[in-house]
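A closer look at the structure
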Amino acid sequence: MSARAGIVVTGTEVLSGRVADRNGPFLSDRLRELGVDHAFTLVVGDRPEDMERALRFLASSGVDVIVTSGGLGPTADDLTAEVVGRFQGREMVLDDALEGRIGEILDRYMRRWPGLDPEAVRASNRKQAIVPAGATILEPVGTAPGLVVPPGPSANGGPTVVVLPGPPRELQEMWPAAVEAEALRAAIASATRYEQRTLRLYGIPESEIAETLRAAEASAPGLEGLEITTCLRRGELEVVTRFEPSAADAYAAFEDLVRERHGETLFSTDGATVDEQVAELLRSRGWAIATAESCTGGLLAGRLTDLAGSSAYVLGGLVVYSNEAKTALAGVDPGLIARVGAVSTEVAEALADGARSRLGAHVGVGITGVAGPGGGTATKPVGLVCFSVAGPDGARITRSARLPGGRADVRDRSTTVAMHLVRRLLRGEGERLSAPAA
């Protein structure tokens, strides 16, 4: 069996949801790259007894390494190093050289804020140089060092603990040094190598892929060597498979079965997202895109510009929430709005044309709908969204869909529908496929 790991994310702000956990997913990916089986992620508040319980649970589960994030700052609730030292049976000692290096970092901070009390700052940060005896020190990226702490003689064996800071930038920059630490390399000596593949489908319920998995169990040999997980996200279905290289043939047979049964909805076999595919299609054609958005309020334009280099193909977007803005910014005929209503395929088409002509783009996208929670009617209920994508030479795809969920879900899923319609127009698929209401 491969080396196994657990992650402990500390911080009451993360536990309560005020701050989203970005460290757990990052560490999970890095552990997989090392061939380490990530077994658990635990999130605990800033209470030492809860963190110690988390460490003991993971140790009792037989993990070889535990990675913690957070609790390494100068404040009273930053107790991770102390808790880990006690857990590993190691005395806490002041590292004079580390204190000096932290002091040099703090000197730079104090020059930026000359009003700070130097002695108070040094006293509050001195605790960051008190570390478990025998730990490998990972040099600070901010002011807090990281640690790799093997079990001490009184700990009766157990996992090695890697202690990393909470700020994602600091943690990510420190990770390579942690990987090079001798104690961590020894702890994960039994690591194997994993392959991971992602299939992406659009317009298919999870029940359908579940049926395919049952069919695969009956017809595809070696499926037990594949760890397959499915996730419905942003209206798309992700099928992520992890396996050791020896199971490559079994995975190829599984992918062939998915392609055979779901060829019309399978849009990515190499893990590429629809966003990445749209970007590549626009770049390869030398085309530019612009948007005119009502209910999504600029979310599609934001999604299009999330990728680096998007300035090569995104010209801009119009947020046309009111009817007056639809007319003034996108050139929609007010008589059209009066006749068919703002939420209509006709207005979506006018918005797409307006975005294209007003911004000089090859492709224009128009979105208008009822995101809720109020504003719906019997004929235009909450969740009804109308889309249109217009391209050169009269190319156009126009759709309406009833999207499920609350306001945030409707707005977010609308961007997914729009991205897939753009992809289809760029691929020349035109009206062949219809956008699903999911």
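Cut-offs applied
Residues numbered from 1 in each chain as written. Predicted model: local features only at pLDDT ≥ 70, side-chain atom pairs only at ≥ 80, totals over all residues. Heavy atoms only, no water. Pairing = 2+ DSSP bridges. Helix = DSSP H or I, 4+ residues; strand = E, 2+ residues; numbered from the N terminus. Axes fitted to C-alpha atoms, helices over the stretch in contact; angles between N-to-C directions. 1 Å grid on protein atoms, 1.4 Å probe; cavity = no way out; pocket = protein on both sides within 12 Å on 5 of 7 lines; lining within 4 Å. Points joined across faces, edges and corners; volume = space filled by probe spheres on them. Nonpolar A, V, L, I, M, F, W, Y, C, P; charged D, E, K, R; others polar. Core = buried A, V, L, I, M, F, W, Y, C linked by side-chain atoms within 4.5 Å. Buried < 20%, exposed > 50% of the residue type's maximum accessible area, 1.4 Å probe, protein only. Contact = heavy atoms within 4.5 Å. Salt bridge = Lys/Arg side-chain N within 4 Å of Asp/Glu carboxyl O.

For the rest of this paragraph, the subject is the sheet that holds strand β15 (residues 363-369). Spatially, the five strands line up as an open sheet ordered β14-β13-β15-β16-β17, and their pairing is mixed. Two strands in the sheet have a free side with no partner beyond their single neighbour: β14 (314-319) and β17 (396-402). Pairwise comparison of adjacent strand axes, ignoring direction, gives a mean angle of 10° for this sheet. Sheet topology places strand β16 (residues 384-390) next to β17; seven bridges connect them, and they run antiparallel. Along β17, the bridge assignment pairs F387 with R399.

This part takes up empty space enclosed by the protein. Counted by the stated rule, this structure contains one cavity of 30 Å³ or more. The calculated volume of the largest cavity comes to roughly 70 Å³. Taken together, the residues that form the lining of the largest cavity break down as four nonpolar, four polar and three charged.

The next thing to look at is the layout of surface pockets. Each pocket or cavity is described by its volume, and for the largest pocket that value is around 620 Å³. Around the largest pocket, the lining comprises 19 residues; the ones closest to its centre are S28, D29, Q196, T229 and V240. Mapped by element, the contributors of at least two residues to the lining of the largest pocket are α2 (23-33), β2 (37-44), β9 (195-202), β10 (226-233) and β11 (236-243). Examining the composition of the lining of the largest pocket, we find that five residues originate from one element, β10, more than from any other. Here the residues of the lining of the largest pocket sort into four nonpolar, seven polar and eight charged.

It is worth spelling out the nonpolar core at this point. Among soluble globular proteins, nonpolar side chains are generally buried collectively. Membership of the largest hydrophobic core comes to 31 residues, with the highest contact counts inside it found for V278, I289, V365, I367 and F387. The set of elements that each furnish at least two residues to this core consists of α11 (274-285), α12 (299-304), β15, β16, β17 and α16 (407-426). For this core, the element with the most residues is α16, which contributes eight residues. Excluding residues that lie within four positions of it along the chain, F387 makes contacts with A348, G366, I367, I397, T398, R399, A401, L403, S414, V417, A418 and L421. Membership of the second largest hydrophobic core comes to 26 residues, among which are A81, L98, I102 and L147.

Under the counting rule described, the total for this entry stands at 22 salt bridges. With its nearest N and O atoms 3.5 Å apart, the salt bridge here joins R86 to E52. Residue R86 is located in helix α4 (residues 80-87), and its partner E52 is located in helix α3 (residues 48-60); the two are separated by 34 residues in the primary sequence. Assessed through its relative accessible area of 41%, R86 is described here as partly exposed.

Before going further, it helps to spend a moment on the sheet that holds strand β8 (residues 160-164). Pairing is mixed across the open sheet formed by six strands, whose spatial order is β2-β1-β3-β8-β7-β6. Unpaired on one side and paired on the other, β2 and β6 (136-138) mark the two borders of the sheet. Averaged over neighbouring strand pairs, the angle between their axes works out to 15° when direction is ignored. Across five bridges, strand β3 (residues 65-69) lies against β8 in parallel orientation. Looking at β8, one finds that S69 is bridged to L164. Against the sheet, α2 engages β1 (4-10), β2, β3 and β8, with an angle of about 165° to β1. Across the sheet, α4 is in contact with β1, β3, β7 (146-149) and β8; its angle to β8 comes to roughly 175°.

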